[in-house]
Amino acid sequence: MKTGVATILATLSTAAATNYGTCYLKYSAEGSERKTGVTSCILNRESGNCSYVADHDIQNSAGGKVMDTQGAESCCAECKKDVLCKAAVMVKNPNAGTTCSSNIADTTDPSPNHQECEGFKSCGYNCGVSYTYPTDFKYKNSHKWYTCKKSDLRIVVSNGIPSHNVTVYNPNDPCVTNWQFEVPLTPKYTSIITETQPVGAIAVQLDGVPMFGAQEDPFDGDSNNAIQPPNTATVKDGGHWFGHTSPQKIWHYHAPFVGHPQYPTEDELVGYAFDGFPIYGAVEDTSVLDGCNGRVVNGQYQYHVRKITQVNATIDGKIVKKYCNGMSPAVNWNYILGCYHGDISRVKVSDARYTTIPEDCVEDTPPTIKHMSHIGGRVILSRTQNRK
């Protein structure tokens, strides 16, 4: 076992990935899927708690999918005892960001198509180049919404291109990304909360563009606030209402404007969290919200974004509020979400080019903020708008 653990330590140190045999410490390198292995053995960096999963996405060396729960139990038992393994989990993962708890959502963003990029240019973080939608866009926003009653799914398929004007400050040219988001049509509230991913997609906006976690790349501890970057931050354009592009060339939103020039109001639907619950604009009195940014309205649970001033993690260029609230899954940088209060076991994020849509799904008119309302876990069109 110690040989395998030493391999893990070396692998994390060099940011590479390899086959760990029967003990697999979950780790994804930039631009990659999960690597070969039999089981996932996950050690929380801060708490030392160990958990295991038999992950159907993990493949063996022959490319076949495997399930080995017993092997994972043994892996964790040995890993908790081994000092090298405990040391390994303290090595900073340069592509995963800072996490707080042992209960974290886990999805993988699809890779963008680098052959279909906008060709946008920038002049640096202190001066942006503006582009008008749709005139200046080579590729236009495309998104479809599906309701799947039998499968109990809401599916969004999009090309990830924003549907509004943008100003580009960083050198990353946005490319078409073939997103397929699958979330519960009738979400289930749970008493156990789940930490959102600090980096990568955590929700989907109505135009099919993903909302990302509050951390930014490069991941330099509490200096990586994407929305309120401190003076020491490298990337400083994540707080704009129109979003920005990741180093992987994926357009996304970090800020609670989520693609709106002004803050959306508390009765405006802006998107859906990965647990299936809807996300609305900011409330004026945040005392009505729980740690996940949720509250019950007319008997239904829903989230609300928080204004930047309602979070205030950075003041005068200095971080005054750390990302983690101890080891709670509810994070302090809760601009869009603080955590998930719903069951996320059925969420799926994939590349739409290689993913089928269930036969019971029916394409719906894409929702718009002004003409949609949320009732009982479903989105229904208002009487002022016709349905297909």
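Residues numbered from 1 in each chain as written. Predicted model: local features only at pLDDT ≥ 70, side-chain atom pairs only at ≥ 80, totals over all residues. Heavy atoms only, no water.

A. The overall build of the protein chain, seen in detail. Helices and strands together make up the secondary structure of the protein chain, namely four helices and 25 strands. With 388 residues in all, the protein chain has 51% of them scored as buried. Sequence separation of 24 or more characterises 63% of the internal contacts of the protein chain that already satisfy a separation of 6 or more. (Helix = DSSP H or I, 4+ residues; strand = E, 2+ residues; numbered from the N terminus. Buried < 20%, exposed > 50% of the residue type's maximum accessible area, 1.4 Å probe, protein only. Contact = heavy atoms within 4.5 Å.)

B. Examining the pattern of salt bridges more closely. For the structure shown, the criterion picks out four salt bridges. The residue Glu284 makes a salt bridge to Lys307 at a minimum N-O spacing of 2.9 Å. Of the two residues, Glu284 sits in the loop between strand E16 (278-280) and strand E17 (294-297) while Lys307 sits in the loop between strand E18 (300-304) and helix H4 (308-311), which places them 23 residues apart along the sequence. By relative accessible area, Lys307 is classed as buried at 18%. As a salt-bridge pair, Arg353 and Asp351 come within 2.8 Å of each other at their nearest N and O atoms. The class of Arg353 is partly exposed, set by a relative accessible area of 42%. (Salt bridge = Lys/Arg side-chain N within 4 Å of Asp/Glu carboxyl O.)

C. How the structure looks around the nonpolar core. Core analysis: the largest hydrophobic core is formed by 48 residues, its most contacted members being Val166, Phe274, Ile279, Tyr303, Ile336, Leu337 and Tyr340. Ignoring anything within four residues of it in the chain, the contact list for Ile336 reads Ile202, Met211, Phe212, Tyr253, His254, Ala255, Pro256, Val258, Ile279, Asn293, His304 and Val305. Ala214, Ile227, Ala313 and Trp333 belong to the second largest nonpolar core, which has 14 residues in total. (Core = buried A, V, L, I, M, F, W, Y, C linked by side-chain atoms within 4.5 Å.)

D. Here's a closer look at the sheet that holds strand E15 (residues 269-273). Pairing in this open sheet of six strands is mixed, and the strands run E12-E11-E15-E16-E18-E17 from one edge to the other. Lying at the two open borders of the sheet, with one neighbouring strand each, are strand E12 (210-212) and E17. Here the average twist between neighbouring strands, direction ignored, is 40°. Taken together, the three bridges between strand E11 (residues 201-205) and E12 define a ladder with antiparallel strand orientation. Residue pairing for E12: Ala201 is matched across the bridge by Phe212. (Pairing = 2+ DSSP bridges. Axes fitted to C-alpha atoms, helices over the stretch in contact; angles between N-to-C directions.)

E. Fine view of the packing of aromatic side chains. By the definition in use, this model includes 13 aromatic pairs. Aromatic pair Tyr133 and Phe137: ring centres 4.9 Å apart, planes at 75°, arrangement edge-to-face. Counting every residue linked through ring pairs, the aromatic cluster contains Phe120, Tyr131, Tyr133 and Phe137. We note Arg154 situated over the ring of Tyr272; from NZ or CZ to the ring centre the distance is 4.3 Å. (Phe/Tyr/Trp six-rings, centres within 6.5 Å; stacked < 30°, edge-to-face > 60°. Lys NZ or Arg CZ within 6 Å of the ring centre and 35° of its normal.)

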